[in-house]
Amino acid sequence: MLIEVRKGYADAVEKHIQKVVAQRFEGAKPHELVKVQRTSGQTYDVFSFIGPTERLSEEDFRMVDGVERVTRLSFPFKTLAKYHKTPNQQEIEHPDIEVDIGGRIIKKGGFVIIAGPCAVEKKVRVGRKEISGLDYTRAVAEQIAAIARELEIYDMVILRGCPWKPRSSAYTFQGVGIEGLDVMDRAREVSGLPYICEAMSESQANAIANHADGMWVGARNSMDQELIEKVAKTGKPWGHKNGLKAMTLEEQLSWMEYGAKTGNDKCFIIERGFIDEVSGKYQRNHGDMMRALGNRDLSRVPVIIDPSHMIADPRTIPRVSCAAIQYFGFDGLMLDVGLDNAERATFQCDGQQFLYMSDFKKLAHRLVDIIKEQGKI
Ligand code: PEP
Ligand code: MN
């Protein structure tokens, strides 16, 4: 970290720095300490901190009289950072994270599809028949598995389906609850595919850990540090969706660091876009591939794209999906998928955005061509 100070203020700033450092590093072991160096330039005096600066924040210094700029040189997400500077300024490159979800590997340069219904529904209509959430979810899982087998990507496919739903309105369907896990267990049984779902609380995380092969923290809870820790502490592989509002590059990885520093760094990013002035008109959320790429480059964490919750239009989702894999080189996709002839209006959650199975199959064909060309299979 560097602090640039206008001429005439350095002595006062130095005293402030000494106080902050003494307070933050009380009881620290020698290797945990930072050294502060003062250098005089022509227009500024500069303080450089050498060593592990994670205990310090830019905000500790930004508002002090005479401080012009505070610049952090190393990232505050040291478990997840790709590069790390040692106290003697050597740069170490850390190996990328590989996440194993029931034998499906999420890793940089790999490929997975996480597909299935958004939620475990109560009942829906398919053609003329009304069927239970259980029958529907099982049928979706079986058909996804059949497509995956036919296209020889069975070991790259994971199911999704959420028993609990975070909803922006308190008056809409919140999910079927714990029994949804039994439904997903049955879907895994008939398809042989592992499954993951969203955890919104510690008790949900523990219940999911007893059933599912992994879980994720959704957009609405993406800044809940306690939940992120609890999810990681289940020991299961976990995903993290970016927040509803724009997050900076450092921000998402910094929230994820709460989980990773518990010792469970089997994590991946799910980019689902965010709300801004264009979202809600043409697209549901503003997908930011550039930020997602930045997250991937700065960290050891693989990144998958969720076009369903991003563009949310089944006519456009295939194009965004192909671009994400072919041109941006992301590591996988998350897709809401439903049965052909399923009547969208009978779904309580995200009925307008899922891909019909036959469209999913066409997309999967195109994706297979792309990943073959990329040498991923
Ligand atoms: C979901 O994947 O079902 C979901 C609720 O997504 P998000 O957290 O991105 O809104
Ligand atoms: Mn959804």
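Now for a quick tour of the structure. Nothing here was measured: the structure is a model prediction, and the numbers come from that model.

**Considering the coordination of the manganese ion (ligand 2)**
Protein coordination at the manganese ion (ligand 2) comes from C118 (SG), H309 (NE2) and D350 (OD), with a distance range of 2.0 to 2.1 Å. For the manganese ion (ligand 2), the donor residues sit on a single chain with the sequence spacing C-x190-H-x40-D. Here H309, found in helix α8 (residues 307–310), pairs with D350, found in the loop between β18 (332–338) and β19 (355–356); they are 41 residues apart in sequence, far enough to count as distant. Here H309 matches D350 in class, with each residue buried.

**As for helix α6 (residues 249–260)**
In this model, α6 (12 residues) spans 17 Å end to end at C-alpha, consistent with the 16 Å of a helix rising 1.5 Å per residue. Along α6, the residues classified as buried are Q252, L253, W255, M256, E257, G259 and A260. Contacts from the buried residues of α6 go to α5 (225–233), β15 (238–241), β16 (267–271) and α7 (289–298).

**Describing the packing of helix α2 (residues 133–150) against helix α10 (residues 357–373)**
Two numbers describe how α2 lies on α10: the axes approach to 11 Å, and their chain directions differ by 25 degrees. Taken together, the axes of α2 and α10 lie roughly parallel to each other. Between α2 and α10 lies a crossing whose hand is right-handed. Between α2 and α10, the residues in contact are V140, Q143, I144, I147 and E150 and M357, F360, K361 and A364, respectively.

**A look at the pairing of strand β10 (residues 123–126)**
Sheet faces and side chains relate simply in a regular strand, where the side chains alternate between the two faces. The two faces of β10 differ: V124 and V126 on one face are buried, but K123 and R125 on the other face are not. In sequence, β10 turns back onto strand β11 (residues 129–132) through a hairpin of two residues, with G127 there showing a positive phi of about 60 degrees.

**What about the packing of aromatic side chains?**
Applying the stated criterion across every chain yields a total of seven aromatic pairs. Ring centres 5.5 Å apart and planes at 40 degrees place the aromatic pair F49 and F61 in the tilted group. Placement of F49 in strand β3 (residues 44–50) and of F61 in the loop between β3 and β4 (67–71) is noted, with a sequence separation of 12 residues between them. You can call F49 buried: its relative accessible area is 6%. On the numbers, 4.9 Å between centres and 15 degrees between planes, the contact of F75 with F77 is stacked. Overall, the relative accessible area of 25% leaves F75 in the partly exposed class. The class of F77 is buried, set by a relative accessible area of 0%. Through a chain of ring-to-ring contacts, three or more aromatic side chains come together here, namely Y136, F347, F354 and Y356. Across from the ring centre of Y154, 5.1 Å away, lies the NZ or CZ of R104, which sits over that ring. R344 extends its terminal NZ or CZ atom over the ring of Y356, reaching a point 4.4 Å from the ring centre.

**Things to note about the sheet that holds β4**
Taken together, four strands build an open sheet; the order of strands is β2-β3-β1-β4 and the sheet is antiparallel. If you trace the sheet from one side to the other, it starts and ends with β2 (35–40) and β4, each paired once. Taken pair by pair, the neighbouring strands of this sheet meet at an average axis angle of 15 degrees, ignoring direction. Sheet analysis places strand β1 (residues 2–6) next to β3, joined by five bridges and oriented antiparallel. When the bridges of β3 are listed, I3 appears paired with F47. Helix α1 (residues 10–24) rests against β1, β2, β3 and β4 of the sheet, and its axis sits at about 15 degrees to β3.

Definitions and limits used
Residues numbered from 1 in each chain as written. Chains lettered and ligands numbered in written order. Predicted model: local features only at pLDDT ≥ 70, side-chain atom pairs only at ≥ 80, totals over all residues. Heavy atoms only, no water. Donors = N, O, S within 2.8 Å, 3.2 Å for Na, K, Ca; no water. Helix = DSSP H or I, 4+ residues; strand = E, 2+ residues; numbered from the N terminus. Buried < 20%, exposed > 50% of the residue type's maximum accessible area, 1.4 Å probe, protein only. Expected span 1.5 Å × (residues − 1). Contact = heavy atoms within 4.5 Å. Axes fitted to C-alpha atoms, helices over the stretch in contact; angles between N-to-C directions. Parallel < 35°, antiparallel > 145°, perpendicular 65-115°, else oblique. Left-handed = near helix turned anticlockwise from the far one by under 90°. Pairing = 2+ DSSP bridges. Phe/Tyr/Trp six-rings, centres within 6.5 Å; stacked < 30°, edge-to-face > 60°. Lys NZ or Arg CZ within 6 Å of the ring centre and 35° of its normal.

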